[in-house]
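Fold and geometry: a report
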Amino acid sequence: MNQGPRSGSPDGRSAEHVEPIRGWCEREVEAELPGLSLVHAPAVLAHSGRASPPALRRRLNALSDRWAGPDAINLRQRPVPAAYRVFFRHIGLDPDVVPTPIEEAMLARMLQGGFVSSNVLADALLVALVDTGVPVWALDAGSVDGPLGIRATSAGEPFGRSSSAPALPGGRLVIADSQAALAVLFGEIAPGHAARPVAGDLIIFSLQVPGVPGLHVEEALWMAGSMLSGPW
């Protein structure tokens, strides 16, 4: 797992730098969870729903080889994965029951015998996660209205803007825009708002928690964005 930012894209080319944006945070949430920060950036997916190109599949294979059994087992002793485990407990999640994103990825790697390629979108987010320890998610940019931030929900508010959006309980921490809750913190994305593996504009985002350096979060976003846009 890297300990600092990279200087080139996954296949050796330089990538255009996009300055990440720090999202807003509801005052009560900020007071209760100091150090929690939403970081996001625009991205472009240049490939539609087809198999990932060979260079990206090779990247996944190399990560599979790097993260063999002993390394995966000892993952939680590393500073960044450990910081997310601690934060999970702070928000009422038991990481031994609800695994952190990096531990969930490592469990899948052990069960499947390697990191399995799916499509450019899924693979780019997986590589960024495994290579940095920092999770990255993607929203359909066209479904976002206004700046993104973190807040607590009101009881019964809809999860997203779909006409069939399910109701959320009160007090759930979510990623939201100016109008609606779009994703549960470290959880699912609202129906109709998740990015799809088709070419178009995205917003990629990550969550920085205490103990995770900002450079790691920015690296994860940069890495995901450069792989999404290609060219491969």
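Structure's up top.
No experiment lies behind these values; they were computed from the predicted model shown. (Residues numbered from 1 in each chain as written. Predicted model: local features only at pLDDT ≥ 70, side-chain atom pairs only at ≥ 80, totals over all residues. Heavy atoms only, no water.)

Regarding the pairing of strand β7 (residues 181–184)
- The pairing of strand β6 (residues 173–176) with β7 spans 3 bridges and is classified as antiparallel. Paired with valine 174 across the two strands is valine 184, which belongs to β7.
- Hairpin remark: β6 followed by β7, antiparallel, with 4 residues in the connecting loop. (Pairing = 2+ DSSP bridges. Helix = DSSP H or I, 4+ residues; strand = E, 2+ residues; numbered from the N terminus.)

What about the packing of helix α5 (residues 101–112) against helix α6 (residues 120–132)?
- The interhelical angle for the contact between α5 and α6, taken along N-to-C directions, is 105°, at an axis separation of 10 Å. Comparing the axis directions of α5 and α6 gives the class roughly perpendicular. For the pair α5 and α6, contact is made by Pro101, Ile102, Ala105 and Met106 and by Leu126, Leu129 and Val130, respectively.
- A breakdown of the residues in the contact of α5 with α6 according to their chemical character gives 7 nonpolar, no polar and no charged. (Axes fitted to C-alpha atoms, helices over the stretch in contact; angles between N-to-C directions. Parallel < 35°, antiparallel > 145°, perpendicular 65-115°, else oblique. Contact = heavy atoms within 4.5 Å. Nonpolar A, V, L, I, M, F, W, Y, C, P; charged D, E, K, R; others polar.)

Quick word on the layout of surface pockets
- One number sums up the size of the second largest pocket: a volume of about 370 Å³.
- Lining of the second largest pocket is provided by 16 residues; of these, Pro101, Glu104, Leu129, Val136 and Trp137 occupy positions nearest its centre.
- When residues of the lining of the second largest pocket are traced back to their parent elements, those giving at least two are α5, α6 and β4 (136–140).
- Top contributing element to the lining of the second largest pocket by residue count: α6, with 5 residues. (1 Å grid on protein atoms, 1.4 Å probe; cavity = no way out; pocket = protein on both sides within 12 Å on 5 of 7 lines; lining within 4 Å. Points joined across faces, edges and corners; volume = space filled by probe spheres on them.)

Observations concerning the packing of aromatic side chains
- Counted according to the given criterion, the structure contains 5 aromatic pairs.
- Pairing phenylalanine 88 with phenylalanine 186 gives two aromatic rings, centres 5.0 Å apart and planes at 65°, and the pair type is edge-to-face. In this pair, phenylalanine 88 sits in helix α4 (residues 79–90) while phenylalanine 186 sits in the loop between β7 and β8 (200–208), placing the two residues 98 residues apart along the sequence.
- A relative accessible area of 1% means that phenylalanine 88 is categorised as buried.
- With 5.4 Å between their ring centres and 20° between their planes, tryptophan 137 and phenylalanine 205 make a pair best called stacked. On the criterion of sequence distance, the pair formed by tryptophan 137 in strand β4 and phenylalanine 205 in strand β8 is long-range, its members being 68 residues apart. (Phe/Tyr/Trp six-rings, centres within 6.5 Å; stacked < 30°, edge-to-face > 60°. Buried < 20%, exposed > 50% of the residue type's maximum accessible area, 1.4 Å probe, protein only.)

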